[in-house]
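# Working through the structure, step by step
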Amino acid sequence: SQQGEEDPQALSIQEGENATMNCSYKTSINNLQWYRQNSGRGLVHLILIRSNEREKHSGRLRVTLDTSKKSSSLLITASRAADTASYFCATDAKVDMRFGAGTRLTVKP
Amino acid sequence: EAGVAQSPRYKIIEKRQSVAFWCNPISGHATLYWYQQILGQGPKLLIQFQNNGVVDDSQLPKDRFSAERLKGVDSTLKIQPAKLEDSAVYLCASSVLGGLFTGELFFGEGSRLTVL
């Protein structure tokens, strides 16, 4: 079964705008990760946030984690057309990694 | 550093036929995962290996799917006999860590299976 659920399922924005994606999960976790997948390709790791962290930055990415609400958000600032992809959150439920259904982001030039 | 290698990239078979996918993880990575990704959905974990032992295969349809990890390195995923609903991309991933704490997963490009 899926552990994470992303919201929205699809997001379309203009280049330069910010994109925010949310992830909710069901059980306690050790860490939460965000991945990106370009069409027809494998997943690429973006950022990992541990359960005792509340916020983390990496370049134009900002991730927050609220363990009390079992939710996380991924913010991409100043989006570019090249950011067009599907974004997935993944949580380590017990010992394995489970992914949500993803948010499909389209950035229009 | 070489990435996760998978083959074949594409495979088309008739239903009830068999197919095998191969994965070579990044050298030194103890944990290997096989995921099934149906079009428009997120990856679904099929099986996880820690070295050459199975950690989790609870979502592997064992009546038709089998997987092994030889000597804790390469892995093969087999489907026999295939059904139409097995059409998907089969992703292999590896990570340095495993067990109670999972680090970054490195994915291969995937093997796309079409069952006619």
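The text that follows walks through the structure, step by step, so that each part is easy to find. Model, not experiment: these values are computed from the prediction.

All names here are of chain A. Within the structure shown, the criterion is met by 2 disulfides over all chains. Here Cys-23 pairs with Cys-89 through a disulfide, and the sulfurs are 2.0 Å apart. Taking the torsion about the S-S bond as the criterion, the Cys-23 to Cys-89 disulfide, at about 65°, is right-handed. In this pair, Cys-23 sits in strand β3 (residues 19-25) while Cys-89 sits in strand β9 (residues 85-93), placing the two residues 66 residues apart along the sequence.

Right, let's talk about the interface of chain A and chain B for a bit. Opposite the 24 residues of chain A that make contact, chain B presents 27 residues. When chain A packs against chain B, the two sides together hide about 1900 Å² of surface, and 47% of this comes from carbon and sulfur. If you look at where chain A meets chain B, you find 2 salt bridges. Between Glu-109 of chain B and Arg-41 of chain A there is a salt bridge, and its shortest N-O distance comes to 2.6 Å. The interface formed by chain A and chain B holds 5 residue pairs in polar contact (both at pLDDT 80 or more) in total. Those elements that place two or more of their residues in the side of chain A that touches chain B are β4 (31-37), β5 (43-50), β9 and β10 (96-99) of chain A. Its residues placed into classes, the side of chain A that touches chain B shows 8 nonpolar, 10 polar and 6 charged.

All names here are of chain B. Strand order in this open sheet of 4 strands is β1-β3-β8-β7, and the pairing throughout is antiparallel. The strands lining the two open edges of the sheet, one partner per strand, are β1 (5-7) and β7 (65-69). Within this sheet the neighbouring strands show an average axis-to-axis angle of 15°, counted without direction. Where β7 lies against strand β8 (residues 75-79), 5 bridges are found, and the strand directions are antiparallel. From the neighbouring strand, Phe-65 faces β8, where its bridge partner is Ile-79.

This paragraph deals with unusual backbone geometry. Of note, the amide linkage connecting Asp-7 of chain A to Pro-8 of chain A takes the cis form, showing an omega dihedral of 0°. Position of Pro-8 of chain A among the secondary structure elements: in the loop between β1 (4-7) and β2 (10-14). Pro-81 of chain B follows Gln-80 of chain B through a cis peptide bond whose omega is -5°. Within the fold, Pro-81 of chain B resides in the loop between β8 and β9 (88-95).

Residues and elements named next belong to chain A. Along the chain, Leu-75 falls in strand β8 (residues 71-76). Residue classification places Leu-75 among the buried residues on the basis of a relative accessible area of 16%. Linking Leu-75 and Ala-85, residues 10 residues apart in sequence, is a C-alpha distance of 14 Å. Not counting residues up to four positions away in its chain, the partners in contact with Leu-75 are Asn-18, Ala-19, Thr-20, Arg-60, Leu-61 and Arg-62.

The subject of this paragraph is the pattern of salt bridges. Inspection of every chain in the model, using the stated rule, returns 7 salt bridges over all chains. Ionic pairing is found between Asp-56 of chain B and Arg-98 of chain A, a salt bridge with its closest N-O pair at 3.2 Å. Pair noted here: Asp-56 of chain B is in strand β6 (residues 53-56) and Arg-98 of chain A is in strand β10, and the two residues belong to different chains. The residues Asp-56 of chain B and Arg-98 of chain A share a single accessibility class, namely buried. Residues Arg-64 of chain B and Asp-86 of chain B are paired through a salt bridge, measuring 2.4 Å at the closest nitrogen-oxygen approach. Linking Arg-64 of chain B in the loop between β6 and β7 with Asp-86 of chain B in the loop between β8 and β9, this pair joins segments that are 22 residues apart in sequence. Across the pair, Asp-86 of chain B and Arg-64 of chain B agree in class, each one buried. One continuous salt-bridge network, built from bridges that share partners, spans Arg-36, Arg-60 and Asp-83 of chain A.

Calculation criteria
- Counting restarts for each chain, with residues numbered from 1 along the sequence as it is written.
- Following the order in which they are written, the chains are lettered starting with A and the ligands numbered starting with 1.
- The predicted origin of the model limits local features to residues at a pLDDT of at least 70 and limits the giving and counting of side-chain atom pairs to 80 or more, whereas totals for whole chains, interfaces and linings rest on all residues.
- In computing side-chain properties, one takes all heavy atoms of the structure into account and sets aside hydrogens as well as water.
- When the sulfur atoms of two cysteines come within 2.5 Å, that pair is taken as a disulfide.
- Labels follow the DSSP assignment, with helices taken as runs of H or I lasting at least four residues and strands as runs of E lasting at least two, numbered in each case from the N terminus.
- Contacts are assigned to residue pairs with any non-hydrogen atoms lying within 4.5 Å of each other.
- In this description, buried area is defined as the sum, over both parts, of the accessible area (probe of 1.4 Å) that is lost when the two are combined.
- Within this document, salt bridges are pairs made up of a side-chain nitrogen of Lys or Arg and a carboxyl oxygen of Asp or Glu, the two lying within 4 Å of each other.
- Polar contact is defined as a pair of N or O atoms within 3.5 Å, subject to the rule that within protein one atom must be able to donate a hydrogen and the other to accept it, and that residues adjacent in sequence are counted only when both atoms are side-chain atoms.
- Under this grouping Gly is polar, as are all residues other than the nonpolar Ala, Val, Leu, Ile, Met, Phe, Trp, Tyr, Cys and Pro and the charged Asp, Glu, Lys and Arg.
- Any two strands with at least two DSSP bridges between them are considered paired.
- Helix axes are fitted only over the stretch in contact, all axes being lines through C-alpha atoms; the angle between N-to-C directions runs from 0 to 180 degrees.
- For the exposure calls, accessible area comes from a 1.4 Å probe over protein chains only, and a residue counts as buried if that area is under 20% of its type's maximum, exposed if over 50%, partly exposed in between.

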